[in-house]
Amino acid sequence: MTLKYLSGFGSEFASEDQRRPGALPPAQNSPQRCPYGLYAEQLSGSAFTAPRADNKRTWFYRIRPSVIHKPFQRYNEVKYLTHKWDEEDPDPNQSRWLPFDIPSSPTDFVSGLHTVCGAGDPRARHGIAVHVFTCNADMVNSAMYNSDGDFLIVPQQGTLKITTEFGLMEVAPNEIAVVQQGMRFAVAVSGPTRGYILEVFDGHFKLPDLGPIGANGLANPRDFLTPVAHYHDEEIPGFKLINKYQGALFVAEQGHSPFDVVAWHGNYVPYKYDLSKFMVINSVSFDHCDPSIFTVLTCPSARPGVAIADFVIFPPRWSVQEDTFRPPYYHRNCMSEFMGLILGAYEAKEGGFLPGGASLHSMMTPHGPDAACFAAASTGELTPQKIAVGTQAFMFESSLSMAITKWGAETCQKLDPKYYECWQNLPKLFSDKINV
Ligand SMILES: O=C(O)Cc1cc(O)ccc1O
Ligand SMILES: [Fe+2]
């Protein structure tokens, strides 16, 4: 089935399931009686009084209001989702993980959530968490929502079929999806599936300002796709609604599908984006631009220009700079850099950093190209080159200082203790001649 979507970022959308035309009440939100006997329900994604530019809400017209559920109980089935940042001693070392294992026993998206690192506290609505998901089975008669923040989901292997209250989204590797705070969703997969999640507690993702770039470029708003209304009118005894609340999971039972929204309108929506649509801007003269030039989405902090987290990609592009060391420069950053690889190889580290693996370069921890990359890039001929063809690396860059969980440090058994070695053979080239 080819799914339909609504295009745009931050727009006011309206959608009715074709089976019930006229389900949206005209010109008001809460009529005394809604069309087709539906219930009206508002989902708020911002304080009621947030300034208009940041104000987010959606009105659902649904078969039953969400409040019809039994009490929540702790859900202890998922062992490695955590916001306990003190499980391990702090570790400032460069960290690199080999590809995370996909289980062979039946595991659905929620059961396959593992937290790798993070910082902050959902109770204070400030912080982030980085999770990987590894799964191979559909969520059956269950749905999840996150009371703590927004999920930016990056599939690396396997397509996700995400059912939401707003409708259906299909998200393949090299696409991303954002499911915001409170939105109910369920994930179906086809075969072994793996990916990454950036969770932000503070606020929502925005498109970065473009400044001198002008009105177009980077991720263009029209390429963001939101589902169209699609309802399930299903009585399902024992349907499980899983809620991540204050970093812990809870489950409540209800007797019907929560995906019973017949029509909705609003600007608080889930969406997906195809990373191949990113219009890449970069230096066409000399020197290496900071990677902020590749920002797809940003979750801003209250400090101007400082992100809680940026989602940055390293897409296929031409590299043309003259008299320039073209790969990433050596650097120490006051931000934390978590990287993952969706496809192919990353230019600064052609070996060791593998699809489905990850790296973390924490605050002020030095890093940069490995010795092989330096040798090649500092001597190679600087012809125009198409780089990163068939590849996609990404970075979650955060102003928060992240801790690695016990799962990330030990249980996953993927941390590469020899990562530091990739820099040890960088030669001393210092000479008494000015032109080397
Ligand atoms: O560390 C990295 O590989 C990410 C990165 C890429 C780049 O081009 C410049 C700075 C930076 O942190
Ligand atoms: Fe970096």
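Residues numbered from 1 in each chain as written. Chains lettered and ligands numbered in written order. Predicted model: local features only at pLDDT ≥ 70, side-chain atom pairs only at ≥ 80, totals over all residues.

By the naming in an unreviewed UniProt entry, the chain is Homogentisate 1,2-dioxygenase, taken from Plutella xylostella. Under the UniProt heading Pathway (unreviewed entry), the entry covering the chain gives this text: "Amino-acid degradation; L-phenylalanine degradation; acetoacetate and fumarate from L-phenylalanine: step 4/6." UniProt annotates the chain under Sequence similarities (unreviewed entry) with the comment "Belongs to the homogentisate dioxygenase family." (UniProt positions renumbered as here; feature names shortened; annotations may be inferred.)

Caption draft 1: Representation of the overall build of the chain. Helix and strand counts for the chain come out as three helices and 28 strands. Relative to the compact-globule value of 22 Å for 436 residues, the chain shows a C-alpha radius of gyration of 23 Å, a close match. Considered along the principal axes of its C-alpha atoms, the chain spans approximately 85 × 45 × 40 Å. Out of the 436 residues belonging to the chain, those deemed buried represent 42%. (Helix = DSSP H or I, 4+ residues; strand = E, 2+ residues; numbered from the N terminus. Rg over C-alpha atoms; globule rule 2.2 N^0.38 Å. Buried ≥ 20, exposed ≤ 12 C-beta atoms within 10 Å, placed from the backbone.)

Caption draft 2: Layout of the site of ligand 1. Ligand 1 sits among Pro291, Pro328, His331, Asn333, Glu337, Ala348, His361, His367 and Met395. Considered class by class, the residues forming the shell around ligand 1 number four nonpolar, four polar and one charged. (Near = placed C-beta within 6 Å. Nonpolar A, V, L, I, M, F, W, Y, C, P; charged D, E, K, R; others polar.)

Caption draft 3: Here's a closer look at the confidence of the model for the chain. Overall, the prediction assigns the chain a mean pLDDT of 97, with 100% of residues at 70 or greater. At the level of chain-chain contacts, confidence expressed as ipTM amounts to 0.99, with global pTM at 0.98. (pLDDT = per-residue confidence, 0-100.)

Caption draft 4: Spatial organisation of the UniProt feature "domain: Homogentisate 1,2-dioxygenase C-terminal" (unreviewed entry) in the chain. When the UniProt feature table is mapped onto this chain numbering, "domain: Homogentisate 1,2-dioxygenase C-terminal" (unreviewed entry) sits at residues 276–428. Helix makes up 12% of residues 276–428 and strand makes up 27%, while its end C-alpha atoms are separated by 39 Å.

Caption draft 5: Broad picture of the domain arrangement of the chain. Looking at the chain, the domain boundaries give domain 1 (69–259 + 269–275) and domain 2 (282–421). Taking only C-alpha atoms into account, the centre of domain 1 sits 23 Å from that of domain 2. The partner domain 2 presents 50 residues to the 45 residues of domain 1 that form the contact. Of all the secondary-structure elements, those providing two or more residues to the side of domain 1 that touches domain 2 are β6 (95–97), β7 (113–121), β8 (126–135), β10 (150–157) and β15 (193–200). (Domains from an automatic or database assignment. Contact = placed C-beta atoms within 7 Å.)

Caption draft 6: Broad picture of the UniProt feature "domain: Homogentisate 1,2-dioxygenase N-terminal" (unreviewed entry) in the chain. Mapped onto this numbering, the UniProt entry gives "domain: Homogentisate 1,2-dioxygenase N-terminal" (unreviewed entry) at residues 4–275. Secondary structure across residues 4–275 comprises 0% helix and 43% strand; the distance between its end C-alpha atoms is 19 Å.

Caption draft 7: Expanded view of the sheet that holds strand β4 (residues 57–62). The antiparallel open sheet is built from four strands, whose spatial order is β2-β19-β4-β3. The outermost strands of the open sheet, each flanked by one partner alone, are β2 (13–16) and β3 (39–44). Averaged over all neighbouring strand pairs, the angle between strand axes comes to 20 degrees, with direction disregarded. Where β3 meets β4, six bridges bridge the pair, whose relative direction is antiparallel. (Pairing = 2+ DSSP bridges. Axes fitted to C-alpha atoms, helices over the stretch in contact; angles between N-to-C directions.)

Caption draft 8: Representation of the nonpolar core within the structure. Counting residues in each nonpolar core, the largest one holds 101 residues, and the members touching the most others are Ile128, Leu152 and Phe394. Considering every element that reaches this core, the biggest residue donor is strand β22 (residues 307–314), with seven residues. Each of domain 1 (69–259 + 269–275) and domain 2 (282–421) gives at least three residues to this core. Not counting residues up to four positions away in its chain, the partners in contact with Ile128 are Gly118, Ala119, Gly120, Leu198, Glu199, Val200, Phe201, Ile308, Ala309, Ser398 and Leu400. (Core = buried A, V, L, I, M, F, W, Y, C linked by C-beta atoms within 7 Å.)

Caption draft 9: Focus on the sheet that holds strand β16 (residues 224–227). The nine strands are arranged β1-β16-β20-β13-β10-β15-β8-β7-β28 in an open sheet whose pairing can be described as antiparallel. The sheet terminates laterally at β1 (5–7) and β28 (403–404), the two strands that pair on one side only. Strand direction decides the pairing type here: β1 and β16, joined by three bridges, are antiparallel. Paired with Leu6 across the strands is Thr226, a residue of β16.

Caption draft 10: Expanded view of the environment of Lys433. Secondary-structure assignment places Lys433 in the segment after α3 (421–424). You can call Lys433 exposed: it has 5 C-beta atoms within 10 Å. For Lys433 and Gly255, which are 178 residues apart along the polypeptide, the C-alpha to C-alpha distance reads 79 Å.

Caption draft 11: View of the pairing of strand β14 (residues 185–189). When you tally the buried positions in β14, you get four out of five residues, the bulk of the element. Relative to β14, strand β11 (residues 160–164) is paired through five bridges, and the arrangement is antiparallel. Its bridge partner being in β14, Lys161 is matched across the sheet by Ala188.

Caption draft 12: The arrangement of the pairing of strand β21 (residues 295–300) in detail. Extensive coverage of β21 is indicated by the burial of six of its six residues. Here β21 pairs with β22 via five bridges, running antiparallel. Bridge assignment links Thr295 to a residue of β22, and that residue is Val312. The turn linking β21 back onto β22 is made up of six residues, and Gly305 within it adopts a positive phi angle of 75 degrees.

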